[in-house]
Amino acid sequence: MYSLSKVFKRASLIVLFLGCTPGANAAIQGVTGTPDGTGVTFNLTTSTSNIPTPDGNSVRMWGYGVAGSPMQYPGPTLIIDQGTQVTVNLTNTNIPMKVSMLFPGQEGVSATGGTAGQFTQESSSVLGDTVTYTFTAANPGTYTYYSGTQPGLQIEMGLMGAIIVRSGTADQAYNDPSTQYDREYLFVLSEVDPKVHQDVEFGLLPMINNTVSHSTFWFMNGRLGPDTFFPDNSSFLPNQPYGSLAQMHPGERVLIRVVGGGREGHPLHLHGNNINVFARDGRLMSSNGVSADLAVSDYTIQALPGATYDGIWEWTGEQLGWDIYGTNAGGQTHDCNDVAPVDGFDDVTSEYCADHDVEIPVVLPEKQETAFGGFYSGSPFLGALSDLPPGEGGLNLNGGLFFMWHSHNERELTNDDIYPGGMMTMMIIEPHSAVIDPGNP
Amino acid sequence: MKIKSTKTALASAIALSLVSATFSSSLFAQDYYLCAKQGTKTMSDTTVIPMWGFALATDAVDQAAGCAAAITVPGPALTVPVGDNVLNIHVKNIDLPEAVSVIIPGQHAPMTPVMSAPDAQGRQRVISFTHVASMTDASASTYTWSSMQPGTYAYQSGSHPAVQVQMGLYGAVTKDAAAGQAYASASTAYDSEMTVIYSEIDPVLHTQVANIGTPNEPKYGSTGMTSTIDYNPQYFLVNGDDSSTGTPIAGAPLQTSLIRFINMGLETHIPTLHGDDMAIIAEDGHAYTNARNQYSVMVAAGQTRDVLFTPPAGPGDYPLFDRMLNLTNKTPPFVTAGANGVLTSPGSLVTVLQVGTNADTDNVLDHKDNCLLEVNPAQMDTDKDGFGNACDADLNNDGIVNTQDIPLFITAFQANSQLVDLNEDGVANTGDIPELIRMFFTEPGPTGISN
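Residues numbered from 1 in each chain as written. Chains lettered and ligands numbered in written order. Predicted model: local features only at pLDDT ≥ 70, side-chain atom pairs only at ≥ 80, totals over all residues. Heavy atoms only, no water.

Trainee: Would you mind showing me how to read the overall build of chain A here?
Mentor: Within chain A, the secondary structure is distributed over four helices and 23 strands. Expected size for 441 residues packed as a compact globule is a radius of gyration near 22 Å; at 23 Å, chain A falls within 12% of this value. Principal-axis analysis of the C-alpha atoms gives chain A an extent of 75 × 50 × 35 Å. Counting contacts in chain A only where the partners sit at least 6 residues apart, residues at least 24 apart contribute 70% of the total. Carbon together with sulfur atoms contributes 53% to the accessible area of chain A, which is approximately 16,100 Å² in total. Separation between the mean location of the 16 positive side-chain charges and that of the 45 negative ones in chain A comes to 10 Å. (Helix = DSSP H or I, 4+ residues; strand = E, 2+ residues; numbered from the N terminus. Rg over C-alpha atoms; globule rule 2.2 N^0.38 Å. Contact = heavy atoms within 4.5 Å. Areas by Shrake-Rupley, 256 points an atom, 1.4 Å probe, with all protein chains shown as cover. Lys, Arg positive; Asp, Glu negative; His and termini not counted. Charge placed at Lys NZ, Arg CZ, Asp CG, Glu CD.)

So this is what it looks like as structure tokens:
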């Protein structure tokens, strides 16, 4: 972590970073469509753009976008209520091949308009036609969509996105109470082989050989580390609107939705705690079709291309053996009130009361003996800020604890061989007093 | 794509038993006679690839004579009938320069590994997992499994497998727990089954292996590739076909198809279904306690996964393709066609599962069949009115075949127009006249195509 944050600071990203927290990442960003009388309609277009990479490169991409808005990578996240009849009108603006959409996990998808392709109806930028896909979002969960036209090329070029189908119960991923959550994050994982994108940019489509792929960029929500830390809709990333920085308070249940968006598998490795994965491909992992009795606890999600995963991640500080807020004598005066419900945790702060006012069981080193990272607040205690030497720290506004969430295929932590970067973000455990999302504090 | 109804599978299995079964104690044993031979495979781009493979002999005599049949890759599908515990595979190596063998990962068999000669330090390497069949052997080698478990398995060479499996020495071997039921649990019952074997071909590797014995050409293992670490597949195959444009029939609506996925390539493949999900019931021939419902299933190299696919009511197409996106071969990766510089690919690890009814059993499902009650697999419809030629002698398109159509028939007949090729043999000839008479005073059709 030390060298990592050093690099970030050298890159002078600190100013930008400071400008984006707190309240940087509201719930999952996406579009909910326009009510059309029978359900909702999404009007999407496909077009070409270049996206910047943190190593200074620029990569030609093809992407879906909301009609009238720029294309984006990944495509707009479609957020739909279970049972809604969905209409997607797709118009190919300027991609020099026909394009289309497939919706794995959705049943009874019908396609009209455009011309018939290998798998479904396709839209041509020359003909200017529009394809209409309709289906009913029968099952809640996390899904994906992608092009069904020459998918080996077009998904690589960026034509993919996520779909979230919300269950009938608010803040519950599936129709099972064990999938209740307080906060949710989506991670769409993908990669780019710049050679293919160069060939497309230079008009060499017939020379592209999709039997070979040598990716050098690995994306989280369409961004490369450290761009992953920046807020949603950052103005300098006009085609990459989705950030990946995750924040939570102790005791919250965080729903993690993962989509394998590219053509490689990625081991998404969650530091800090295990995740209880209870759904795959938008289907509850269940022996009886009702409850998630086949859920699996793991610390790495093997995210396969095209597949989706849902799980609950929690962090409480339970049984760390010391008071995460520090002792009262240490300066942060606080109580631990476990009245209702009696669950071993403070009713407000979710502090683990058995460890209340317990000293950290080591002698903390003096500051002159310590190497710091940009994410160190100066204190090991949640919500505590302390002095640091000039030039140290500065990326931790609330005294939070940082856990790196990343691909554990370590080469994927680079941008074209430059470390750090790639498929990497942070989960910040923020003190209960910190406002994370103004709408959902 | 190997598709057969349970009934046929059973019938052929019984037939094979009658032909080749021998008695082993009180139990039936299933015997297969295979030849390991050289051969070739012609790819969709006309490239001819040297292959090694298994050919199925009709009996021991045919095998001793070198097998009349050519090799197939994948090798012959071997089935062990319900109730049989013993499988014997007799292998004669006809002309492969390396000794070969047969193993079935996951099935119990006593193994007798073959070691290389000691090197200068006295060290030996395993060169075959079990006893081998060499081209210098006078008789076939026999491989026996005496407690065959139900499930989906692959047989493959157990000798120098990095090369020999890639060269094509593999195939499917299956056994059901009961008729129409894959495993012990009744929840694994099925109405029809298909086997989907994925593999890849690196043409350089095949050429260099075939060069063994040819002077001055790069040879695998010496003057060419030293190992499969440089493996770079350029063709991706479903059941040995690299242009998988086929559209197999996965069965009727609401009926259950068992799809046996086997990956005999060296890379991972992730068949992903579009339009429905699948119940994954088994892995490597072992049933899960609880089926897993997913739309995608990872099949690692050498692995088998079994899924049940039960489509909803109504006809439909269900694309099934490798989400690792091995969907094009190297040459030509693209074919340019049509306006807009539209590019299409020849297709690779792509299968479209067709679901529907098939009243005339011509393998064109009713919802796509332009003659619902005529066997017309070619689906000729020269006047493009939605009624196939086989059920359309209504040449003036007035809705009835009558005397007004006769002059049109004669004119078209004299012009040798396919319009009156009513029996779909490719030409307008006297064979079409009885068809005209048969359809006289009837309406065209019926057709399954709405327009």
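Here the narrative resumes, following the displayed structure.
Trainee: Got a minute to help me understand the overall build of chain B in this structure?
Mentor: In terms of helices and strands, chain B carries six helices and 23 strands. Of all 451 residues assigned to chain B, the portion counted as buried reaches 53%. In chain B, the proportion of contacts linking residues at least 24 apart, taken out of those at least 6 apart, comes to 67%. For chain B, the accessible area works out to roughly 18,400 Å², and carbon and sulfur atoms hold 58% of it. (Buried < 20%, exposed > 50% of the residue type's maximum accessible area, 1.4 Å probe, protein only.)

Trainee: Could you clarify how one ought to interpret helix α4 (residues 194–201) of chain A in this entry?
Mentor: Residues three or four positions apart in an α-helix share a direction because the helix packs 3.6 residues into each turn. Residue and element names in this part refer to chain A. Buried within α4 are the following residues: P194, V196, H197, D199 and V200. If you follow the buried residues of α4, they end up packed against β3 (58–66), α3 (151–154), β12 (183–192) and β13 (217–220). The positive-phi residue at the C-terminal boundary of α4 is G203, with phi of around 75 degrees.

Trainee: When you look at the pairing of strand β11 (residues 160–166) of chain A in this model, what are you seeing that I'm missing?
Mentor: In the case of a regular strand, side chains alternate between the two sheet surfaces. Residue and element names in this part refer to chain A. The buried count for β11 comes to six of seven residues, which makes it a mostly enclosed element. For strand β4 (residues 78–81) and β11, the ladder comprises four bridges, and the chain directions are parallel. If you follow I80 over to β11, its bridge partner there is V165. Alignment of strand β10 (residues 141–146) against β11, held across six bridges, turns out to be antiparallel. Opposite Y143, over in β11, you have I163 as the bridge partner. (Pairing = 2+ DSSP bridges.)

Trainee: It is not clear to me how the state of the cysteines should be interpreted in this structure. Could you clarify?
Mentor: Structurally, a disulfide amounts to a covalent bond that connects the sulfur atoms of two cysteines. The tally for this structure, following the rule as stated, stands at three disulfides over all chains. The side chain of C336(A) participates in a disulfide bridge whose partner is C353(A); the two sulfur atoms lie 2.1 Å from each other. Of note, the bridge from C336(A) to C353(A) carries an S-S torsion of about -90 degrees and is left-handed in sense. Within this pair, whereas C336(A) is found in the loop between β21 (308–314) and β22 (401–407), its partner C353(A) is found in the loop between β21 and β22, the two being separated by 17 residues in sequence. For C336(A), a relative accessible area of 18% puts it in the buried group. In this model C371(B) forms its disulfide with C391(B); the gap between the sulfur atoms is 2.1 Å. (Disulfide = S-S within 2.5 Å.)

Trainee: Explain the confidence of the model for chain B to me, please; I cannot follow it from the model alone.
Mentor: Detail in the predicted coordinates should be disregarded across regions flagged by low pLDDT. All names here are of chain B. Across chain B, the average pLDDT comes to 88, with 89% of residues at 70 or higher. Here residues 1–26 is modelled with pLDDT under 50, and outside its nearest four sequence neighbours on either side it reaches 46 contacts, counting other chains as well. Predicted confidence is poor over residues 337–342, with pLDDT under 50, and the contacts of this stretch with residues over four places away or in other chains come to eleven contacts. Prediction confidence for the complex, expressed as pTM and ipTM, is 0.90 and 0.92 respectively. (pLDDT = per-residue confidence, 0-100.)

Trainee: I would appreciate a short explanation of a nonpolar patch on the surface in the present structure.
Mentor: Residue and element names in this part refer to chain B. A cluster of nonpolar side chains, M111, M115, V126 and F129, forms an exposed patch at the surface whose accessible area comes to about 360 Å². With respect to the helices and strands, the residue V126 is situated in strand β8 (residues 126–128). We classify V126 as partly exposed; its relative accessible area is 45%. (Patch = residues over 30% accessible without salt bridge, like charges linked within 9 Å, V, L, I, M, F, W, Y side chains within 5 Å. Salt bridge = Lys/Arg side-chain N within 4 Å of Asp/Glu carboxyl O.)

Trainee: Would you explain the packing of aromatic side chains in this entry?
Mentor: Aromatic rings in a pair are described by how distant their centres are and how their planes are angled relative to each other. All names here are of chain A. Taken as a whole and assessed by the stated rule, the structure comprises 21 aromatic pairs over all chains. With centroids separated by 5.2 Å and ring planes inclined at 70 degrees, the aromatic side chains of Y64 and Y145 adopt a geometry described as edge-to-face. Of the two residues, Y64 is situated in strand β3 and Y145 in strand β10; the sequence distance between them amounts to 81 residues. Judged on exposure class, the residue Y64 and its partner Y145 are both buried. Residues W315 and F403 carry aromatic rings whose centres are separated by 6.2 Å and whose planes lie at 50 degrees to one another, so their mutual orientation is tilted. Of this pair, W315 sits in the loop between β21 and β22 while F403 sits in strand β22, and the two are 88 residues apart along the sequence. Members of the aromatic cluster, each reached through a chain of ring pairs, are F187, W313, W315, F403 and W405. (Phe/Tyr/Trp six-rings, centres within 6.5 Å; stacked < 30°, edge-to-face > 60°.)

Trainee: What exactly am I supposed to notice about the side chain of D227(A) here?
Mentor: Residues and elements named next belong to chain A. Of note, D227 is situated in the loop between β13 and β14 (246–248). Among buried charged residues, D227 stands out as having no salt bridge; its nearest opposite-charge side chain is R223, 6.6 Å away. Dropping the residues within four chain positions of it, D227 is found in contact with P54 and L237.

Trainee: Before we go on, may I ask you to explain the sheet that holds β14(A) in this structure?
Mentor: Strand pairing in a sheet is mediated by backbone hydrogen bonds. Such pairs are either parallel or antiparallel. All names here are of chain A. The sheet built from five strands is open, its strands ordered β14-β23-β22-β16-β20 with mixed pairing. The open sheet has two free edges, formed respectively by β14 and β20 (300–303), since each of these has just one partner strand. Across the sheet, the mean angle separating the axes of adjacent strands is 15 degrees when strand polarity is ignored. (Axes fitted to C-alpha atoms, helices over the stretch in contact; angles between N-to-C directions.)

Trainee: What's the story with unusual backbone geometry in this structure? I'm lost.
Mentor: Apart from glycine, the bulk of residues carry a negative phi angle, and the bulk of peptide bonds sit in the trans form. Residue and element names in this part refer to chain A. For the bond from Y73 to P74, the omega torsion is -10 degrees, close enough to zero to count as cis. Assignment of secondary structure puts P74 in the loop between β3 and β4. For the bond running from G225 to P226, omega is 0 degrees, close enough to zero to count as cis. Residue position: P226 is located in the loop between β13 and β14.

Trainee: In this structure, what is going on with the domain arrangement of chain B? I would like to understand it.
Mentor: One frequently used descriptor of interface size is the decrease in accessible area upon assembly of the parts. Residues and elements named next belong to chain B. In terms of domain boundaries, chain B breaks down into domain 1 (29–177), domain 2 (204–355) and domain 3 (370–439). The distance between the C-alpha centroids of domain 1 and domain 2 comes to 22 Å. The interface of domain 1 with domain 2 comprises 27 residues on the first partner and 26 residues on the second. Regarding the contact of domain 1 and domain 2, the summed buried area is about 2,200 Å², with carbon and sulfur atoms giving 64% of it. Remark: the boundary between domain 1 and domain 2 carries one salt bridge. Ionic pairing is found between D176 and R260, a salt bridge with its closest N-O pair at 2.8 Å. Inspection of the domain 1/domain 2 interface yields twelve residue pairs in polar contact (both at pLDDT 80 or more). At the level of elements, β4 (48–56), β10 (151–156), α3 (161–167) and β11 (170–175) are the ones that each hand at least two residues to the side of domain 1 that touches domain 2. (Domains from an automatic or database assignment. Buried area = accessible area lost by both parts, 1.4 Å probe. Polar contact = N/O pair within 3.5 Å; in protein donor to acceptor, adjacent residues only side chain to side chain.)

Trainee: Got a minute to help me understand the nonpolar core in this structure?
Mentor: For soluble globular proteins, nonpolar side chains are generally found buried alongside one another. All names here are of chain A. Core analysis: the largest hydrophobic core is formed by 32 residues, its most contacted members being I256, W313 and M427. In this structure, I256 is in contact with Y185, F187, I275, Y309, D310, G311, W313 and W405, ignoring residues within four places of it in sequence. With 31 residues, the next largest nonpolar core counts L44, V99, Y143 and V165 among its residues. (Core = buried A, V, L, I, M, F, W, Y, C linked by side-chain atoms within 4.5 Å.)

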